[in-house]
Amino acid sequence: MAMKAKVLYDFTAESGNNELTVQEGEILTVTNQNVGGGWVEARNSRGDTGLVPVDYIELNPGSTTDQNDAYNHDHDNSPANAQGVNGNEAWTATTWSNNCSADNSNKTEQETAGNNGSLYSFDDEWDDDSDDGKSTGGYDGPQADDVGTMQRGGAHSTMKISLNKFPGFSKTPNPEVYLLTKHVAKGNERLPIFSGEVGPVWLYPQAQIDCMVADPKKGSKMYGLKSYIEYQITPNTTNRPVNHRYKHFDWLYERLVEKFGCALPIPCLPDKQVTGRFEEEFIKMRMERLQGWMSRMCRHPVISNSDVFQLFLSYKDEKDWKLGKRKAEKDEVVGVKMFSTIDPELPELDPAQVEQKCETYNQFTKSMENSVKEILAVGHLHWKRCTGPLQKEYRQIGKAFQNLSSAFNTSAYPRESTLTDALTATGKTYEEIAEIVAGQPRKDLHFLMETNIEYKGLLSCFPDTMGVHRAAIDKVKEADHLVATNKISPQDKHTMEKNLSTMSYTLQAEMNHFHSNRIYDYNRLMQFYLEEQVKFYEMIAEKLKNALSQYTTM
């Protein structure tokens with residue numbers, strides 16, 4: 001029997017996708033909940049049927065087509081009303097997203113397609129998650145807050161809803177799991193740390209891994225009911241392209257956070273989106289940001305060499321992908337257990353040194369994060385001025401000069417045409433400058449903003465990483481008391497201090513990697529930005545010189 005649902009947010013259907021346009025407050029009849037991919041099929045009061053995102057509606061399991069009264073009664077007792085929200089409002093998107101995640105966790109990978117009993121295709125096994133889920137609207141330049149944190153924070157407007165599922169910081173966040181255990185790193189799992197010119201450093205590969213994200217193509221499944229964008233990723237190690245949708249990137253991100261999040265900052269992917277995701281400008285922006293994210297992961301010696309990342313870049317076929325995917329999801333060496341693979345070939349550190357290093361890095365990352373936020377805020381304001389007030393002012397100046405020229409033309413005074421023509425040309429010059437000013441941010445400020453957005457995402461991860469180290473430091477500080485109360489042995493205390501030293505070397509190696517990339521990135525970025533600024537002002541100067549040359553010397 002069909003189920004009733006209430007629309008939480010306006011949704012505009014995209015042509016060719018069998019979607020249904022709905023408005024907030026509208027009552028729908030859900031005709032098929034098993035569409036998958038974060039969508040349901042529903043019918044409105046006018047009899048139109050189509051696909052609607054599940055996070056845009058509130059399903060009421062107790063209601064059917066002939067149970068409107070029951071629906072209204074149940075809705076009065078919804079969580080929204082428990083918080084004092086009007087009875088016409090619905091559950092929050094977060095509430096439904098959690099329910100959806102719980103439902104999806106019960107799905108098996110052995111679901112069949114059609115009547116032939118075969119496994120779903122490579123794309124179909126991802127149907128429990130929608131390709132996109134957060135609406136950010138059209139691209140209008142980087143926003144000052146256009147950055148996801150590890151938690152992928154909530155909505156900025158009624159149309160911006162995060163449907164991402166954050167997997168939790170790790171399966172084993174308690175540092176005691178690592179501190180009180182003796183570890184011997186083995187074989188391929190061993191991650192050595194050496195003493196370099198700047199201090200502890202990771203072992204970097206002889207050849208730098210890189211990849212190219214390109215050639216986005218629109219595909220479809222479910223007999224054309226669902227569409228998606230697929231990107232081609234070509235690693236320089238094999239030069240053999242592999243195809244991935246956004247949800248595959250999302251899966252990779254979750255695996256990396258789960259495995260390395262306690263030790264390494266894993267910046268978020270660009271936000272998900274429901275509406276406008278097939279627009280050319282949005283696809284271009286997303287591809288650019290996915291390229292930046294992948295390039296940063298490739299530059300990290302630990303992440304780029306991990307099995308899950310290598311699988312993502314160079315799986316051979318669908319079978320290879322599925323086997324690798326299951327293996328990655330069953331990985332037990334995650335969270336603080338990741339430190340058990342670290343093997344620093346360096347002398348053991350005193351816990352006091354560890355605490356001092358941690359505090360130094362904490363102060364630096366906070367200071368840099370504040371500075372990056374300031375650049376983003378100032379850059380966002382300047383972008384808005386260039387495409388708004390400044391462009392308008394230059395146009396007004398140009399128009400004023402042309403109006404003055406028109407006024408002079410009414411004087412009927414001889415020998416005035418040279419001046420009026422020059423004034424008209426000056427006015428047109430300022431109108432051209434207005435367009436140059438409006439278009440300049442995309443030439444230089446865009447890259448400045450995008451790089452700082454990346455770094456804001458990176459820096460937002462450090463508080464969690466520092467928190468793991470602080471928790472470990474606090475545990476080691478308790479060691480003397482634990483020994484005195486016979487809860488641990490002196491040997492256990494030494495093991496804790498040795499493992500804390502390993503954690504500290506990991507943090508130092510990571511910070512040295514961060515500093516090395518930071519210096520490289522900002523050197524290159526500022527050179528590019530200033531070069532473009534010089535071209536910008538030279539172009540304006542040249543136009544003004546041409547306008548000046550049209551006036552005669554008296």
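Scoring rules and cut-offs
Residues numbered from 1 in each chain as written. Predicted model: local features only at pLDDT ≥ 70, side-chain atom pairs only at ≥ 80, totals over all residues. Heavy atoms only, no water. Helix = DSSP H or I, 4+ residues; strand = E, 2+ residues; numbered from the N terminus. Buried < 20%, exposed > 50% of the residue type's maximum accessible area, 1.4 Å probe, protein only. Contact = heavy atoms within 4.5 Å. Areas by Shrake-Rupley, 256 points an atom, 1.4 Å probe, with all protein chains shown as cover. Disulfide = S-S within 2.5 Å. Core = buried A, V, L, I, M, F, W, Y, C linked by side-chain atoms within 4.5 Å. Patch = residues over 30% accessible without salt bridge, like charges linked within 9 Å, V, L, I, M, F, W, Y side chains within 5 Å. Salt bridge = Lys/Arg side-chain N within 4 Å of Asp/Glu carboxyl O. Expected span 1.5 Å × (residues − 1). Polar contact = N/O pair within 3.5 Å; in protein donor to acceptor, adjacent residues only side chain to side chain. Pairing = 2+ DSSP bridges. Axes fitted to C-alpha atoms, helices over the stretch in contact; angles between N-to-C directions. Phe/Tyr/Trp six-rings, centres within 6.5 Å; stacked < 30°, edge-to-face > 60°.

(A) Up close: the overall build of the protein. Counting secondary structure elements, the protein contains 16 helices and 13 strands. Taken over 554 residues, the protein has a buried fraction of 48%. Pairs at least 24 residues apart make up 74% of the contacts formed inside the protein by residues separated by at least 6 positions. A total accessible area of about 27700 Å² is found for the protein, and carbon and sulfur atoms account for 50% of it.

(B) Main features of the state of the cysteines. Following the criterion strictly, the structure yields zero disulfides and no others. Lacking any disulfide linkage, Cys 461 is separated from the closest cysteine sulfur, that of Cys 268, by 6.5 Å. Owing to a relative accessible area of 1%, Cys 461 belongs among the buried residues under this scheme.

(C) Quick look at the side chain of Gln 533. Relative to the helices and strands, Gln 533 resides in helix H16 (residues 490-548). Sequence-distant contacts of Gln 533, defined by excluding residues within four places in its chain, comprise Gln 440 and Asp 444.

(D) View of unusual backbone geometry. One non-glycine residue, Asn 239, lies in the positive phi region at around 55°. Mapped onto the fold, Asn 239 is located in the loop between strand E11 (226-235) and strand E12 (242-245). Classification of Asn 239 by relative accessible area gives exposed; the value is 58%. Although it is not a glycine, Ala 412 adopts a positive phi angle of roughly 60°. Along the chain, Ala 412 turns up in the loop between helix H11 (389-409) and helix H12 (417-443). Judged by its relative accessible area of 73%, Ala 412 falls in the exposed class.

(E) Representation of the nonpolar core in the model. Counting residues in hydrophobic clusters, the biggest one holds 81 residues, and the most contacted among them are Leu 252, Leu 256, Leu 264 and Met 294. If you tally residues by element for this core, the top one is H16, at eleven residues.

(F) Main features of a nonpolar patch on the surface. Residues Leu 419, Leu 548 and Tyr 551 make up a contiguous nonpolar surface patch of roughly 280 Å² in combined accessible area. Within the secondary structure, Tyr 551 sits in the segment after H16.

(G) Focus on helix H10 (residues 351-386). Compared with the 52 Å implied by 1.5 Å per residue over 36 residues, the 52 Å span of H10 between its first and last C-alpha is a close match. Two to three positions downstream of the cap, the backbone nitrogen of Ala 352 sits 2.8 Å from a side-chain oxygen, assigning the N-cap of H10 to Asp 350.

(H) Quick peek at the sheet that holds strand E9 (residues 199-202). With mixed pairing, three strands are arranged side by side in an open sheet as E9-E8-E13. Two strands close off the open sheet at either side, each with one partner strand: E9 and strand E13 (342-344). Each strand of the sheet is rotated relative to its neighbour by a mean of 35°, with strand direction disregarded. Running over the sheet, H16 touches strand E8 (191-196), E9 and E13 and is turned about 80° from E9.

(I) Examining the pairing of E8 more closely. With three bridges joining them, E8 and E13 adopt parallel strand pairing. Within E13, the position partnered with Ile 193 by the bridge is Pro 344. Note that E8 and E9 share four bridges and pair antiparallel. Across the sheet, Gly 196 pairs through a bridge with Gly 199, a residue of E9.

(J) Just the environment of His 513, in detail. Within the secondary structure, His 513 is located in helix H16. Note: C-alpha distance between His 513 and Pro 200 (313 residues apart in sequence) is 9.5 Å. Look past the residues within four positions of His 513 in its chain and what remains in contact with it is Trp 202, Tyr 204, Arg 299, His 300 and Pro 301.

(K) Region of the structure containing the sheet that holds strand E5 (residues 57-59). The strand order E4-E3-E2-E1-E5 describes an open sheet built from five strands, whose pairing is antiparallel. Of all strands in the sheet, those with a lone pairing partner are strand E4 (49-53) and E5, marking the two edges. On average, adjacent strands in this sheet sit at an angle of 45° to one another, irrespective of strand direction. Judged from the three bridges that link them, strand E1 (residues 3-7) and E5 form a sheet pairing that is antiparallel. The residue bridging Ala 5 from the neighbouring strand is Leu 59, located in E5.

(L) Examining the packing of aromatic side chains more closely. Counted according to the given criterion, the structure contains 17 aromatic pairs. Their ring planes at 50° and their centres at 5.7 Å tell us that Phe 401 and Tyr 430 sit as a pair that is tilted. Of this pair, Phe 401 sits in helix H11 while Tyr 430 sits in helix H12, and the two are 29 residues apart along the sequence. Ring centres 5.7 Å apart and planes at 70° place the aromatic pair Tyr 455 and Phe 514 in the edge-to-face group. Within this pair, whereas Tyr 455 is found in helix H13 (residues 445-459), its partner Phe 514 is found in helix H16, the two being separated by 59 residues in sequence.

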